[in-house]
Amino acid sequence: MIKLWKAVIFLADTAQLKQGQTIGIIGGGQLGQMLVLSAKAMGLKTIILDPDATCPAGQAADAQIVAPYDDLLALEELAKRSDVLTYEFENVDLAALEHLTDAKLLPQGTKLLQITKNRLAEKAFLHEHGLKTAPFRAVNTRAELEQAVAQLGFPSILKTCEGGYDGKAQFTLKEEADLDVASELLAQGPCILEGFVNFSLECSVMVARNAKGEVTVFPVSENVHRDHILHESIIPARITSKEHKKAQTIAIKIAQSLNLRGILGVELFVEPNGEIYVNELAPRPHNSGHYSIEACNFSQFDIHNRAVMNWPLPKIELLKPAIMVNILGQHKALSEDLIARKPQWHFHDYGKKDVRVDRKMGHITILTDDLEQTLAEIKATQVWD
Ligand code: AMP
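Rules of the game
- Residues numbered from 1 in each chain as written.
- Predicted model: local features only at pLDDT ≥ 70, side-chain atom pairs only at ≥ 80, totals over all residues.
- Heavy atoms only, no water.
- Helix = DSSP H or I, 4+ residues; strand = E, 2+ residues; numbered from the N terminus.
- Rg over C-alpha atoms; globule rule 2.2 N^0.38 Å.
- Buried < 20%, exposed > 50% of the residue type's maximum accessible area, 1.4 Å probe, protein only.
- Areas by Shrake-Rupley, 256 points an atom, 1.4 Å probe, with all protein chains shown as cover.
- Lys, Arg positive; Asp, Glu negative; His and termini not counted.
- Charge placed at Lys NZ, Arg CZ, Asp CG, Glu CD.
- Expected span 1.5 Å × (residues − 1).
- Near = heavy atom within 4 Å.
- Polar contact = N/O pair within 3.5 Å; in protein donor to acceptor, adjacent residues only side chain to side chain.
- Nonpolar A, V, L, I, M, F, W, Y, C, P; charged D, E, K, R; others polar.
- Axes fitted to C-alpha atoms, helices over the stretch in contact; angles between N-to-C directions.
- Parallel < 35°, antiparallel > 145°, perpendicular 65-115°, else oblique.
- Contact = heavy atoms within 4.5 Å.
- UniProt positions renumbered as here; feature names shortened; annotations may be inferred.

Enquirer: Looking at this structure, I do not really get the overall build of the protein chain. What am I missing?
Expert: From N to C terminus, the protein chain includes 14 helices and 17 strands. Taking 385 residues into account, the globule formula puts the C-alpha radius of gyration at 21 Å, and the protein chain, at 21 Å, falls close to it. Seen through its C-alpha atoms, the protein chain measures out along the principal axes to roughly 60 × 55 × 40 Å. Taken across its 385 residues, the protein chain has 54% of its residues classed as buried. Carbon together with sulfur atoms contributes 53% to the accessible area of the protein chain, which is approximately 17,000 Å² in total. For the protein chain, the distance from the average site of its 40 positive side-chain charges to the average site of its 49 negative ones is 6 Å.

If you want it as C-alpha cells, here you go:
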C-alpha cells in the first residue's frame, strides 16, 4: 500500500497538469485573486477556501468553499474538487495540511512552510546553506532577552518566531529602557532577537522552480517601506549590476536548496559595501512582485501557476522599468481621483468591502523610462503624503 502510494506521488510529481483542470487555493486575499485571474487566462479552473464569502479571490474564482482555513472537512472538500493545491499565505494550518497530503498532491509540500513560517527555522536553514542573515538569538524568557541584547547590542529587533507580518509582532530595542516593553512580546510565544543590519536598500527577488527542477528568476525589486508596510517597489532596483546578479544568485540557491515547487519571494538587505543579507522568505507570490503583471513577459502569478502545474518555466524578461505603489485604506479615495488624470497608470483594486487604515486595497503600476521622474510624479500627487 505504501509502495503504491509512493508510486502515485512519483507519477503525479512529474506529470504536467492540463488546461481545464482545477487549482485549489487556500486563502482568498489579493494574492489569491491575482493567481485566479492568471489561471483563468491560462485555461485553468480555480476554487478558493476562505471564510469570507466576499473575499477578493472568491469574487474572481470559479467556486469558493466558505470555511475557516483549518476546517478539515472543508480542506478535504477542496482537495476532492481540485487537481492541485496551493496557498496564498504562509500561516496555513500545518497540521491540517499534513492531514491533506495523504489525500491530495500539494506540490509545494509542507516542509517549505515549516521552514518559512518560523523565523528561527528559516534563519537556521539559511545559515546551513551558507547565506548571510542578521545575527540572531532564540529568546523565550526575559533572562534570555537580556543575554541576547548583551551579545547583539542596540539597536536590535525582537520578533515573534511565528505569525507576524507587515512589521506586526516586532519591537525595536534602542536602549536598556526598552527591555520592559519588548519583553511583553514574549507572552505571544517564542521570539527571536535580530541584530540590526545597517542596509542602504531593501530588495526582493521572486524565484520559481517546478517539479522538473527548472528554475526561473525575476529582476530585483527595490522596496521602500513606510511604517513597516511596503509603499513602493522600484524595478530594476537601483543597485549595481554585480549586486543584481548576486541577489538573483542567492534566490536561485535558496530555490534549489528548498527543492522549491512554486514561487518564493526572497527579501534582502543590501549594505552600502554591497554585502547582501537575506531577511525573510515568502513561499508565495509577493507584494513586491505585482509589477510583473505589466512589466514582465510573464507575471509572478503566471509563473506560480505554471510551477505548481509543472508546466515549463520561461526565462523572465523585464519589458520596461516600473514602479508599483500600494493603495492602503487611507489612500483609496484620493487614488480614485487619479484615474481621470493618469491614463498611463495601471490601477488595480482588490474589491475589498471594508476600507481600513493600512489595509492593502489595491496598487498602481507605472511603466516608465525615467524612474526618478516617475517617483517625483507619484510624490506630486500628494496621495501618499
Ligand atoms: P520583517 O517583518 O522581518 O520583514 O521586518 C519588517 C521591516 O523591519 C523590514 O522590512 C526592515 O525594514 C526592518 N527590519 C527587520 N529586521 C531588520 C534587521 N535585522 N535589521 C534592520 N532592519 C530590519
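Still more to cover.
Enquirer: I keep staring at helix α2 (residues 30-41) and nothing clicks. Help me out?
Expert: Since the α-helix turns once every 3.6 residues, residues separated by three or four places project in the same direction. Between its first and last C-alpha, α2 extends 17 Å over 12 residues, near the 16 Å set by a 1.5 Å rise per residue. Residues of α2 that are buried: Gln30, Leu31, Gly32, Gln33, Met34, Leu35, Val36, Ser38 and Ala39. Of the residues flanking the end of α2, it is Gly43, one or two places downstream, whose phi is positive at about 85°.

Enquirer: Just to check I follow, could you spell out the site of the ligand for this structure?
Expert: Around the ligand there are 17 residues in total, and Arg119, Lys159, Val197, Glu202 and Glu280 lie nearest to it. At 3.0 Å, a side-chain N or O of Gln170 approaches an oxygen atom of the ligand. Between the ligand and Asn279 there is a distance of 3.0 Å, counted from an oxygen atom to a side-chain nitrogen or oxygen. With the chains in place, 93% of the 470 Å² that the ligand exposes on its own is no longer accessible. Looking at the shell around the ligand, its residues break down into 6 nonpolar, 5 polar and 6 charged.

Enquirer: What is the right way to look at the packing of α2 against helix α12 (residues 300-308) in this model?
Expert: α12 packs onto α2 with a crossing angle of 75° between their chain directions and a minimal axis gap of 8 Å. The angle between the axes of α2 and α12 places the two elements in the roughly perpendicular class. Contact residues: α2 offers Leu31, Met34, Leu35, Ser38 and Ala39, while α12 offers Phe301, Asp302, His304 and Asn305.

Enquirer: So what exactly am I meant to see when it comes to the UniProt feature "domain: ATP-grasp" (unreviewed entry) in the protein chain here?
Expert: The UniProt feature table records "domain: ATP-grasp" (unreviewed entry) at residues 123-309. Across residues 123-309, the secondary structure splits into 28% helix and 32% strand, with the terminal C-alpha atoms separated by 29 Å.

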